[in-house]
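# Close look at the chain arrangement
This is what each chain is made of:
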Amino acid sequence: MSSPTLQFLSITSNPSLTDRWRTAIAPLGGTHTACDGLVTALRRIPERPLDAILLDSAQVELTLDRTLRKIRHRAPEADLLVVTDETTDATPGMLERWSASVVGASVSAEDLTARLERILLDRNRVKRCGWVGLSPSLRSASELVLSAAPSDATVLIEGESGTGKELAARAIHENSQRSGKPFLAVNCSAFAESILESELFGHEKGAFTDAFGRKKGVFEAADGGTIFLDEIGETSPGVQSRLLRVLEEHKVRRVGSTESIPVDFRIVAATNRDLAAGSAAGHFRRDLYFRLAVVQLTLPPLRERRGDIPVLLMHHLRNAPSEGPSLKDRVTEDGLTRLIDYDWPGNIRELRNFVERATVRFPDAKLDHDAVGELLTSVRPVSDLPVVSGRRSDSVEREMIFAALTELKRDLDYLKRTASRLAERQPPMSAGTGDGSFPSMRELERQRILDALRQAQGNRAKAARLLGIGERTLYRKIREWGL
């Protein structure tokens, strides 16, 4: 099957620049659409994605920022080359915001050809990694992935949650000689230490309670393939020590066994922490850090590659149920601007979630400035879950312990108050004791919870408010009493 013909467009009334552009694309075998102004260009941008657009900034009818916004709204997937001179108002921030790059007004056809060849090479690299985007940082990351993939070197991927670390790990595996073998991912933060050791290294029958049979660990199951250790920074010193030994010896010993089993694997690890700083502070083994970080790859957060937001929106809209392929038919220009200005703390994962919610909340309407704002503010973090950002782990742990102790004290104070109130109203002979004694603290607690639930007609949230305790505490008490 032949590859689709490349499509290029120019926006200029300068005949010399148009001729140089035509000459530049001729060796690439592409088709060219020439437009003498922005209005004409916006009408003639085809539905099929353009590969590159040449914009003469000296002849734009609007400000350059508005012009770039209109072009990116219609052609989110095109590389945009802006021809500038000394008088242009193009700034690095503006160009980055709309994923545009500059060329000089006197650029030759040969230089344009070399530029386009580089663009096509970069696009192919990004595609081979399974990524979507136009930013230089993403293209640099794809180049590093593909250069590291053929080797067996361990790779450490760093980046915030939601930046696509597992996708990068899969790209390394799929472009390596191990691609026909297993790719197994383990989230190290999802298991307690003992369970994680069993997951990674396996166990023998009877090695611990509930070990009813022999189990192969990930290292054995992935023999010949790639193991992705996500959130490696969350592992305990004990697990780190065992990992280091396995990495050094390429042998694994199941929990409860004395036999060492040779294994063939490649490790790709990921973390949202600064492991270099953690190892320097003694929170992570330095020897394991250096063993993992043979190749280091840092994935930028979405707020540092805002120019990729339009093409990512286009990609996820195409994959959403009942959605068409056109960004301009789904999002207005001011809606797109608000999306680009948003910081996306959840990164690409949050953007994908945004598109999914948009298709449900506004199935038949365009997403304008107000609709985008409503969707971005409709999801709030749960208030009773700890949110950690940019602080030392030991200080966060102290705060969480203090919060737990405060809640425990509040519960004890409530029980004391309840006992005092009920003791004043309770007759000496209590139905549940039969010996003339006062009811126990547990009986008083149970009775008070039942009274609150009856008063709230079974509404647990309301009952918790009546009792003066948190909902989680009430749920725990209900389970404890089997109510």
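Residues numbered from 1 in each chain as written. Predicted model: local features only at pLDDT ≥ 70, side-chain atom pairs only at ≥ 80, totals over all residues. Heavy atoms only, no water.

### Here we look at the confidence of the model for the protein
Residues at a pLDDT of 70 or more form 81% of the protein, whose mean pLDDT is 84. This stretch, residues 381-396, has a pLDDT under 50; its non-local contacts, to residues over four places away or in other chains, come to seven contacts. Counting interchain partners and residues more than four positions distant, the pLDDT-below-50 stretch residues 427-438 has twelve contacts. (pLDDT = per-residue confidence, 0-100. Contact = heavy atoms within 4.5 Å.)

### Section: the sheet that holds strand β1 (residues 7-11)
Each strand in a sheet pairs with another by means of backbone hydrogen bonds, the pair being arranged parallel or else antiparallel. A sheet is described by the order of its strands in space; here five strands give the open sequence β2-β1-β3-β4-β5, paired in parallel fashion. What marks the edges here is a single partner per strand, and that holds for β2 (31-35) and β5 (100-104). Going from strand to strand, the sheet's axes swing by 20 degrees on average, the running direction of each strand aside. Those strands touched by helix α5 (residues 109-128) are β1, β3 (52-56), β4 (79-84) and β5, and its axis lies near 155 degrees from that of β4. (Pairing = 2+ DSSP bridges. Helix = DSSP H or I, 4+ residues; strand = E, 2+ residues; numbered from the N terminus. Axes fitted to C-alpha atoms, helices over the stretch in contact; angles between N-to-C directions.)

### A look at the pairing of strand β12 (residues 295-298)
Along β12, the buried face is formed by V295 and L297; none of Q296 and T298, which line the opposite face, is buried. The pairing of strand β6 (residues 155-158) with β12 spans four bridges and is parallel. Looking across to β12, one finds that I157 is bridged to L297. (Buried < 20%, exposed > 50% of the residue type's maximum accessible area, 1.4 Å probe, protein only.)

### Structural notes on the environment of I119
Within the secondary structure layout, I119 lies in helix α5. Owing to a relative accessible area of 8%, I119 belongs among the buried residues under this scheme. Spatially, the C-alpha atoms of I119 and D51 are 9.1 Å apart, while their sequence positions differ by 68 residues. Leave out the neighbours within four places in its chain, and I119 touches D79, L81 and R139.

### A short note on the sheet that holds strand β11 (residues 266-271)
As summarised here, the arrangement of the five strands in space is β7-β8-β11-β6-β12, forming an open sheet in which the pairing is parallel. A strand with exactly one partner marks an edge of an open sheet, and here the two such strands are β7 (183-187) and β12. Strand after strand, the sheet turns through a mean of 20 degrees between neighbouring axes, direction not considered. As paired strands, β6 and β11 are joined by four bridges and run parallel to one another. Looking across to β11, one finds that L156 is bridged to A269. The strands that helix α6 (residues 136-148) touches are β11 and β12; relative to β12, the one it contacts most, it runs at about 155 degrees.

### Some details on the side chain of D79
Tracing the sequence through the fold places D79 in strand β4. A polar side-chain atom of D79 sits 2.7 Å from a polar atom in the side chain of R123. Here D79 is in contact with D51, A52, I53, I119, R123, L134 and R139, once residues within four sequence places are set aside. (Polar contact = N/O pair within 3.5 Å; in protein donor to acceptor, adjacent residues only side chain to side chain.)

### Section: unusual backbone geometry
Across the chain, the bulk of peptide bonds are trans and the bulk of non-glycine residues have phi less than zero. Of note in this structure, S99 is not a glycine but carries a positive phi near 50 degrees. You can see S99 is positioned in the loop between α4 (92-97) and β5. Judged by relative accessible area, which is 14%, S99 ranks as buried. Phi at N347 takes a positive value of approximately 60 degrees, unusual for a residue other than glycine. For N347, a relative accessible area of 0% gives the class buried.

### Regarding the pattern of salt bridges
Counted under the stated rule, the structure contains 27 salt bridges. Linking K70 and E333 is a salt bridge whose minimum nitrogen-to-oxygen distance equals 3.1 Å. Separated by 263 residues along the polypeptide, K70 in helix α3 (residues 64-74) and E333 in helix α14 (residues 333-341) bring together distant segments of the chain. Through salt bridges with shared partners, a single ionic network connects D51, D79, R123 and R139. (Salt bridge = Lys/Arg side-chain N within 4 Å of Asp/Glu carboxyl O.)

### A closer look at the packing of helix α8 (residues 193-201) against helix α10 (residues 237-249)
Packed helices, taken two at a time, are described by the angle their axes make and the gap between the axes. Put simply, α8 and α10 touch, their axes get as near as 10 Å, and they point 15 degrees apart. Taken together, the axis directions place α8 and α10 in an arrangement best described as roughly parallel. The two elements α8 and α10 meet at a crossing, and its hand is right-handed. Mapping the contact onto sequence places E193, L196, E197, L200 and F201 in α8 and G238, V239, R242, L243 and V246 in α10. Of the residues belonging to the contact of α8 with α10, the class tally is six nonpolar, one polar and three charged. (Parallel < 35°, antiparallel > 145°, perpendicular 65-115°, else oblique. Left-handed = near helix turned anticlockwise from the far one by under 90°. Nonpolar A, V, L, I, M, F, W, Y, C, P; charged D, E, K, R; others polar.)

### As for empty space enclosed by the protein
In this structure the tally under the stated criterion is two cavities of 30 Å³ or more. Of the voids in this model, the largest cavity is the one considered here, and its volume is about 50 Å³. Considering the residues around the largest cavity, the lining is formed by I11, T12, D36, G37, L38, L55, D56, Q59, V60 and E61. Of the residues in the lining of the largest cavity, the class split is four nonpolar, three polar and three charged. (1 Å grid on protein atoms, 1.4 Å probe; cavity = no way out; pocket = protein on both sides within 12 Å on 5 of 7 lines; lining within 4 Å. Points joined across faces, edges and corners; volume = space filled by probe spheres on them.)

### Observations regarding the nonpolar core
One recurring pattern in soluble globular proteins is that nonpolar side chains are buried together. In this structure, I53, L68, L313, F354 and L367 are the most contacted members of the largest nonpolar core, which totals 45 residues. What L367 contacts, discounting residues up to four positions off in sequence, is R330, V331, T332, G335, F354, A358, F362, V372 and L375. Among the nonpolar cores identified, the runner-up in size contains 29 residues, and L156, V252, A269 and L288 belong to it. (Core = buried A, V, L, I, M, F, W, Y, C linked by side-chain atoms within 4.5 Å.)

### Focus on the packing of α5 against α6
Look at α5 against α6: their axes get within 9 Å of each other, and the N-to-C directions meet at 65 degrees. Classified by the angle between their axes, α5 and α6 sit roughly perpendicular to one another. By crossing handedness, the relation of α5 to α6 is classed as left-handed. Taken together, the residues of α6 that come into contact with α5 (itself represented by R118, I119, D122, R123, R125, V126 and R128) are L138, R139, S142, E143 and L146.

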